[in-house]
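# A structural walkthrough
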Amino acid sequence: DAGVTQSPTHLIKTRGQQVTLRCSPKSGHDTVSWYQQALGQGPQFIFQYYEEEERQRGNFPDRFSGHQFPNYSSELNVNALLLGDSALYLCASSLFDRGLNGYTFGSGTRLTVV
Amino acid sequence: DQQVKQNSPSLSVQEGRISILNCDYTNSMFDYFLWYKKYPAEGPTFLISISSIKDKNEDGRFTVFLNKSAKHLSLHIVPSQPGDSAVYFCAVANFGNEKLTFGTGTRLTIIP
């Protein structure tokens, strides 16, 4: 049973560029949440997707956007990259009506902005 | 505004002894509390949780204590084993809401 899969594992981008990160949820899960973990910090909630809609959003600018597809996979897009966007981006999947029961994280995508 | 604080960035404990990790939160509206463990190059993995109606929850070597009046959470690991070496994050939530607010983490090193 595959867990949460994120791609790519590592990425280097130039300031001002745009980036797309991908997440495939654990089999049977229908909800995807994204987190940003800066160096030396805990993960910070970006947003959550369910039924292809953004359900909750953390304190992140509009440069951060997402999408969920009918197969429940999700993308995180970041526009106009800043050096401060360098971080580990984590995806977590879950079953919507189960709350945090079974909430599972992927291994993350390490984004470096130069 | 840091809602969840882990004031010890690192902790070293002798194998076999007790490891105690601490966490403080500011918002008394949180009613669900969790501990996650993270190895390098892996995502956080769930360890143990507690709801606000309890003050203690045990699972094998791991026990979580909640002091609501002090807004303080702690994780006890006993006995500590080398495989417990990792970064530990506490997280808080509201029951039924999947948005987690994490602390900054404590790096635990178990010395053989």
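This report concerns the structure included in the present document. This is a predicted model, so every value here is computed, not measured.

### Re the overall build of chain B
Secondary structure summary: chain B contains 0 helices and 11 strands in total. Element order for chain B, N to C, with α for helix and β for strand: β-β-β-β-β-β-β-β-β-β-β. Dimensions of chain B, computed from C-alpha atoms along their principal axes, come out at roughly 40 × 30 × 20 Å. When burial is assessed residue by residue, chain B has 45% of its 112 residues classed as buried. Considering only contacts within chain B whose residues lie at least 6 apart along the sequence, 54% involve residues at least 24 apart. Carbon together with sulfur atoms contributes 49% to the accessible area of chain B, which is approximately 5500 Å² in total. Side chains of chain B carry 11 positive and 10 negative charges; the gap between the two charge centres is 3 Å.

### What about the sheet that holds strand 8 (residues 74–78) of chain A?
All names here are of chain A. Strand order in the open sheet made by the 4 strands is 1-3-8-7, with antiparallel pairing throughout. Looking at strand neighbours, the two that pair on one side only are strand 1 (5–7) and strand 7 (64–68), the edges of this open sheet. Mean inter-strand twist for the sheet, computed between neighbouring axes without regard to direction, equals 20 degrees. The sheet contact formed by strand 3 (residues 19–24) and strand 8 spans 5 bridges and is antiparallel. Bridge assignment links Val-19 to a residue of strand 8, and that residue is Val-78.

### Details of the nonpolar core
All names here are of chain B. In terms of nonpolar packing, the biggest core is built from 23 residues, with Phe-33, Trp-35, Leu-73, Leu-75 and Tyr-88 touching the most fellow members. Of all elements in the fold, only strand 3 (19–25), strand 4 (32–38), strand 5 (45–51), strand 7 (62–67), strand 8 (72–77), strand 9 (86–93) and strand 11 (106–111) reach the threshold of two or more residues within this core. Top contributing element to this core by residue count: strand 9, with 4 residues. Excluding anything up to four places from it in sequence, Phe-33 contacts Tyr-25, Ile-48, Ser-49, Ile-50, Ser-52, Leu-66, Leu-73, Ala-91 and Val-92.

Rules used in this analysis
Residues numbered from 1 in each chain as written. Chains lettered and ligands numbered in written order. Predicted model: local features only at pLDDT ≥ 70, side-chain atom pairs only at ≥ 80, totals over all residues. Heavy atoms only, no water. Helix = DSSP H or I, 4+ residues; strand = E, 2+ residues; numbered from the N terminus. Buried < 20%, exposed > 50% of the residue type's maximum accessible area, 1.4 Å probe, protein only. Contact = heavy atoms within 4.5 Å. Areas by Shrake-Rupley, 256 points an atom, 1.4 Å probe, with all protein chains shown as cover. Lys, Arg positive; Asp, Glu negative; His and termini not counted. Charge placed at Lys NZ, Arg CZ, Asp CG, Glu CD. Pairing = 2+ DSSP bridges. Axes fitted to C-alpha atoms, helices over the stretch in contact; angles between N-to-C directions. Core = buried A, V, L, I, M, F, W, Y, C linked by side-chain atoms within 4.5 Å.

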